[in-house]
Amino acid sequence: MRVLVTNDDGIDAVGIRVLVAALAAHGCDPVVAAPRSDSSGTSAALRATEDDGRVLIERRDLDGLVGYAIAGSPAYITLLGLRGAFGPPPDLVFSGINRGANAGRAVLHSGTVGAALTASAAGCRAMAVSLDILSASNATTASGGGVVTLSPEDEAARNWDSAAATAVGLVDALLAAPPGVVLNVNAPDLPAGRLRGVRRATLAAFGQVVMTVVETGEGFVRTALRQSEQELVAGTDLALLGEGYAAVTPLRALGEATDVELPGL
């Protein structure tokens, strides 16, 4: 089973390498194509750096596996993969493992989730995978969203294996889902032995952090992040993460609001 693996943290991130290793150990045939630098907060944007109409691609060695570092957004890279740019089109698309949970309605802004939704819009089953390590103290507002900033030592010490094992354990559920469905998977930053289990979750009404404007001046605006103060609702992804569960939410790409009436039209 051929799996395209991408992310929005960049091809050098620890999370994508751990995910690729777990998928290979599960018997999948992963091909890695990811941004050459951090592309967090890009949602499903389609952008790339071109030279005379050619998208720039750099081959990378990823622990013995050939990967492709691309000067483009995760969603654009996903489309390239689905169109055969990196070999035969994939059967599945995995995006992650992201630094920080992609939970609540804030998934709208996530490049990790945007790549998976782009795959689903093309009829390919996809999974977005994230590790809950985001807080107001370790995040910046780059790209308008919460981007985790960690030292290499701190990043390596996080429980990426727990998120990878959760994702691999959901492959059969993804294959059983209707075409075009995304599984949005968030795992708490806990060793696998301390996870309380995996639960289906609804989307929280908000994200983990909230961007605020702290200063405006002539020709500039300064922003900051603060922890959301809204109350957690039982059964939502953020509530389950706080309780020590991995949370799984099925998503679909955007569609029409067929239940809305427009008088006179």
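Residues numbered from 1 in each chain as written. Predicted model: local features only at pLDDT ≥ 70, side-chain atom pairs only at ≥ 80, totals over all residues. Heavy atoms only, no water.

1. So, the sheet that holds strand 7 (residues 92-99)
Thought 1: Taken in spatial order, the nine strands make up an open sheet running 5-6-2-1-7-8-11-15-12, and their pairing is mixed. Where the open sheet ends on each side, the last strands, each with one partner, are strand 5 (57-62) and strand 12 (198-200). Ignoring strand direction, the axes of neighbouring strands in this sheet form an average angle of 25 degrees.
Thought 2: Two elements, strand 12 and strand 15 (residues 246-252), share three bridges in a ladder whose sense is parallel. By the bridge assignment, Arg199 is partnered in strand 15 with Ala247.
Thought 3: Contacts from helix 3 (residues 111-121) reach strand 1 (2-6), strand 7, strand 8 (125-132), strand 11 (181-188) and strand 15, with the element oriented near 170 degrees to strand 8. (Pairing = 2+ DSSP bridges. Helix = DSSP H or I, 4+ residues; strand = E, 2+ residues; numbered from the N terminus. Axes fitted to C-alpha atoms, helices over the stretch in contact; angles between N-to-C directions. Contact = heavy atoms within 4.5 Å.)

2. Section: the confidence of the model for the chain
Thought 1: Looking at the chain as a whole, its pLDDT mean stands at 90, while 94% of the residues score no less than 70.
Thought 2: Residue range residues 136-145 is modelled with pLDDT below 50. Its contacts to residues more than four positions away, or to other chains, number 28 contacts. (pLDDT = per-residue confidence, 0-100.)

3. What about the layout of surface pockets?
Thought 1: Within this model, the second largest pocket holds a volume of roughly 360 Å³.
Thought 2: Those elements that place two or more of their residues in the lining of the second largest pocket are helix 3 and strand 15.
Thought 3: For the lining of the second largest pocket, the element with the highest residue contribution is helix 3, accounting for four residues.
Thought 4: Considered class by class, the residues forming the lining of the second largest pocket number nine nonpolar, four polar and two charged. (1 Å grid on protein atoms, 1.4 Å probe; cavity = no way out; pocket = protein on both sides within 12 Å on 5 of 7 lines; lining within 4 Å. Points joined across faces, edges and corners; volume = space filled by probe spheres on them. Nonpolar A, V, L, I, M, F, W, Y, C, P; charged D, E, K, R; others polar.)

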